[in-house]
Amino acid sequence: GQQLNQSPQSMFIQEGEDVSMNCTSSSIFNTWLWYKQDPGEGPVLLIALYKAGELTSNGRLTAQFGITRKDSFLNISASIPSDVGIYFCAGLYNNNDMRFGAGTRLTVKP
Amino acid sequence: DAGITQSPRHKVTETGTPVTLRCHQTENHRYMYWYRQDPGHGLRLIHYSYGVKDTDKGEVSDGYSVSRSKTEDFLLTLESATSSQTSVYFCATYREEKGELFFGEGSRLTVL
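Bear in mind the structure is a predicted one, so any value in this text is a computation, not a measurement.

A. Local environment of the overall build of chain B. Check the secondary structure of chain B and you find 0 helices and 11 strands. Counting from the amino terminus, helix and strand elements in chain B follow one another as β-β-β-β-β-β-β-β-β-β-β. Here the C-alpha atoms of chain B give a radius of gyration of 13 Å, agreeing with the 13 Å that 2.2 N^0.38 yields for 112 residues. Projected onto its principal axes, the C-alpha positions of chain B cover 40 × 30 × 25 Å.

B. Just the layout of surface pockets, in detail. The calculated volume of the largest pocket comes to roughly 780 Å³. Listing elements by their share of the lining of the largest pocket, those giving two or more residues are β9 (85-94) and β11 (104-109) of chain A together with β4 (31-38), β5 (42-51), β9 (87-95) and β11 (107-111) of chain B. Split into classes, the residues belonging to the lining of the largest pocket amount to 12 nonpolar, 18 polar and 7 charged.

C. How the structure looks around the sheet that holds strand β6 (residues 55-58) of chain A. All names here are of chain A. Pairing is antiparallel in the open sheet, where 5 strands are placed in the order β1-β3-β8-β7-β6. The open sheet has two free edges, formed respectively by β1 (5-7) and β6, since each of these has just one partner strand. Between one strand and the next, the sheet's axes are offset by a mean angle of 15°, whatever the strand orientation. Examined bridge by bridge, strand β7 (residues 61-65) and strand β8 (residues 71-76) share 5 bridges and lie antiparallel to one another. Across the sheet, residue A63 finds its bridge partner in β8, namely L74.

D. Layout of the environment of T17(B). All names here are of chain B. By secondary structure assignment, the location of T17 is in the loop between β2 (10-13) and β3 (19-25). Residue classification places T17 among the partly exposed positions, given a relative accessible area of 26%. For the pair formed by T17 and S80, sequence separation is 63 residues and the distance between their alpha carbons is 5.0 Å. Sequence-distant contacts of T17, that is, excluding residues within four places in its chain, are made with L78, E79, S80 and A81.

E. Looking closely at the nonpolar core. Among the nonpolar cores identified, the biggest contains 40 residues, and Y33(B), W34(B), Y35(B) and L101(B) are the most heavily contacted of them. The contact partners of Y35(B), leaving out residues within four places of it in the chain, are M98(A), F100(A), L43(B), R44(B), L45(B), I46(B), V88(B), Y89(B), F90(B), A92(B), L101(B) and F103(B). Within the second largest apolar cluster, 21 residues are counted, among which are I13(A), L74(A), Y87(A) and C89(A).

F. Spatial organisation of the state of the cysteines. Residues and elements named next belong to chain A. According to the stated counting rule, one finds 2 disulfides over all chains in the structure shown. Two residues, C23 and C89, share a disulfide whose sulfurs are 1.8 Å apart. Residues C23 and C89 are joined by a disulfide whose S-S torsion is about -95°; by sign, that bridge is left-handed. Of this pair, C23 sits in strand β3 (residues 19-24) while C89 is found in strand β9, placing the two residues 66 residues apart along the sequence.

Cut-offs and rules
Position numbers for residues start from 1 in each chain and track the written sequence from start to end. The lettering of chains begins at A and the numbering of ligands begins at 1, in the order of writing. Where totals are concerned, whole chains, interfaces and linings use all residues; where local detail is concerned, this predicted model gives features only for residues with pLDDT of at least 70, and gives and counts side-chain atom pairs only at 80 or more. Based on all heavy atoms of the structure, the side-chain values leave hydrogens and waters out of the count. A helix here means a DSSP run of H or I that spans at least four residues, while a strand means a run of E at least two residues long, and both kinds are numbered starting from the N terminus. With C-alpha atoms as the basis for the radius of gyration, the globule rule is written as 2.2 Å multiplied by the number of residues raised to the power 0.38. Cavities and pockets were defined on a 1 Å grid built over protein atoms only: a cavity is a set of grid points that admits a 1.4 Å probe from which the probe cannot escape, a pocket is an open set flanked by protein on both sides within 12 Å along at least five of seven lines, and lining residues are those with an atom within 4 Å of any such point. Grid points are joined across faces, edges and corners, and a volume is the space filled by probe spheres set on the points. Think of it as three bins: nonpolar holds Ala, Val, Leu, Ile, Met, Phe, Trp, Tyr, Cys and Pro, charged holds Asp, Glu, Lys and Arg, and polar takes everything else, Gly as well. Strand pairing is assigned whenever DSSP detects at least two bridges linking the two strands. Each axis is a line fitted through C-alpha atoms, taken for helices only over the stretch in contact, and angles between the N-to-C directions span 0 to 180 degrees. Note on classification: 1.4 Å probe, protein chains only; a residue is buried when its accessible area is under 20% of the maximum for its type, exposed when over 50%, partly exposed between these limits. A contact between two residues is defined here by any heavy atoms of the two lying within 4.5 Å. Joining through side-chain atoms within 4.5 Å is the link that ties buried Ala, Val, Leu, Ile, Met, Phe, Trp, Tyr and Cys residues into a set, and such a set is a nonpolar core. Note on disulfides: each one is a pair of cysteine sulfur atoms within 2.5 Å.

Structure below.
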């Protein structure tokens, strides 16, 4: 199935900076999920979004479900070194129709 | 955390040999999935299950089979491994009440 368009592919930032990334699709979704994956580990669920326009926070992370239901955004505020990793999105239409972004690789320089 | 355990975590095998990867969950989730993750491709669905003995193919199912004889276990079998099946395999379960998808820690398979 067609995957999601996630950007940017990679980011190099200084500690303390804010980060934004997004996922877009030509299809609508009923749920958006955001994950973080560390090297050699499985993806860990960070935030789940269920309604168009919904804005949800988890600590320094904030994510939004786009109004059109075709996109979602993740922001990380005041980045720290342990934020390093790959972040990716998942759009779910139902329990057997799920699409994934290719990931944004985040590097944080102390 | 959905209590997902994958085994083995690492395996090296030779072309033509059969390989079985196991996924065990403790949350009684009805839906379970096998994905492979490769550079440049992201996560791609191999097979999924929607209940005991109920399975269906994903987008990259050729060369793979699955079985689910118990709610908690979902097995992925490569009947005759090929080098193109070298990958990291992830099992996932779906929490229907909250629409959340959880992943295991992955099984890295190398086919020589």
